[in-house]
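Next come the chains, spelled out residue by residue.
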Amino acid sequence: MNAAIMSSHAIELPPLPYERNALQPVVSENTLNVHYGKHHKTYVDTLNKLVVGTEFADMPLDKIVKATAGESDHTAIFNNAAQAWNHTFYWHSLKPNGGGEPPISLKRLMESSFGGVADCKKELAQAATQQFGSGWAWLVQDGEKLKIIKTDNANTPLTQRVKPLLTIDVWEHAYYLDYQNRRVDYVNALLDKLANWGFAAENLGK
Ligand code: MN
């Protein structure tokens, strides 16, 4: 990449790792058209406008999130950057024909941290269901243990001393077209049929 392109670099909307109809019937093509094509794209487009002429203009996305977290002068940049990062992580947390048995490395940690795969899923589903208002539920690694955490709005474990492994978006825009107010049905269907445990296992130790 030449210097001119580097200096005018923009954060890009990453391609979805599957077709927009690939998560049906759990998540509809209609939802992905709006959620990825409108919401995620808008976070990226807004971020690119906000960072013009700032110290963040040439930073990679994860650096922008970390540099603006908790900085009251940069709330809008943080919100759009963190949402851009969280959404890419979310798309990779899902896959067609997901769910099922996690890879052995992850399964062992689920057993030692929660009792078993079912207990881990139950705790993650509870966090996703109980998050009040907009936010995210996360499976994270904290040293030798796995934990479940919730973050509100754009907040993200990327800025915390834990490693994110898998996330569920529980903003209403993630499920309202398909499930209306039934967040619990969305969460359980996602975990049973779309959870990308291989992606979660790849994130261990990173
Ligand atoms: Mn979302």
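As shown above, the structure is provided for reference.
### Notes on the overall build of the chain
Within the chain, the regular secondary structure consists of nine helices and three strands. Overall, the chain is about 50 × 40 × 35 Å in size when its C-alpha atoms are taken along their principal axes. Within the chain, the proportion of its 206 residues that are buried is 48%. The long-range fraction of contacts in the chain, counting pairs at least 24 apart against all pairs at least 6 apart in sequence, stands at 68%. With the model as given, the accessible surface of the chain reaches about 10,200 Å², and the carbon-plus-sulfur share is 50%. Here the chain holds 20 positive side-chain charges and 22 negative ones, and the gap between their average locations is 4 Å.

### Digging into the side chain of His35
Along the polypeptide, His35 turns up in helix H2 (residues 29–50). Assessed through its relative accessible area of 1%, His35 is described here as buried. At 2.9 Å, the side chain of His35 forms a polar contact with the side chain of Asp169. What His35 contacts, discounting residues up to four positions off in sequence, is His40, His87, Tyr90, Trp91, Asp169, His173 and Ala174.

### Re the pattern of salt bridges
Across all of its chains, the model carries six salt bridges by this definition. Here Glu101 and Lys107 are joined by a salt bridge, their closest N and O atoms 2.7 Å apart. One salt bridge connects Asp192 with Lys121, and the closest N-O pair in it is separated by 2.8 Å. Taken together, the residues span a long stretch of sequence, with Asp192 in helix H8 (residues 183–193) and Lys121 in helix H6 (residues 117–130) at a distance of 71 residues. Here Asp192 falls in the partly exposed class, since its relative accessible area comes to 43%.

About the criteria used
Residues numbered from 1 in each chain as written. Predicted model: local features only at pLDDT ≥ 70, side-chain atom pairs only at ≥ 80, totals over all residues. Heavy atoms only, no water. Helix = DSSP H or I, 4+ residues; strand = E, 2+ residues; numbered from the N terminus. Buried < 20%, exposed > 50% of the residue type's maximum accessible area, 1.4 Å probe, protein only. Contact = heavy atoms within 4.5 Å. Areas by Shrake-Rupley, 256 points an atom, 1.4 Å probe, with all protein chains shown as cover. Lys, Arg positive; Asp, Glu negative; His and termini not counted. Charge placed at Lys NZ, Arg CZ, Asp CG, Glu CD. Polar contact = N/O pair within 3.5 Å; in protein donor to acceptor, adjacent residues only side chain to side chain. Salt bridge = Lys/Arg side-chain N within 4 Å of Asp/Glu carboxyl O.

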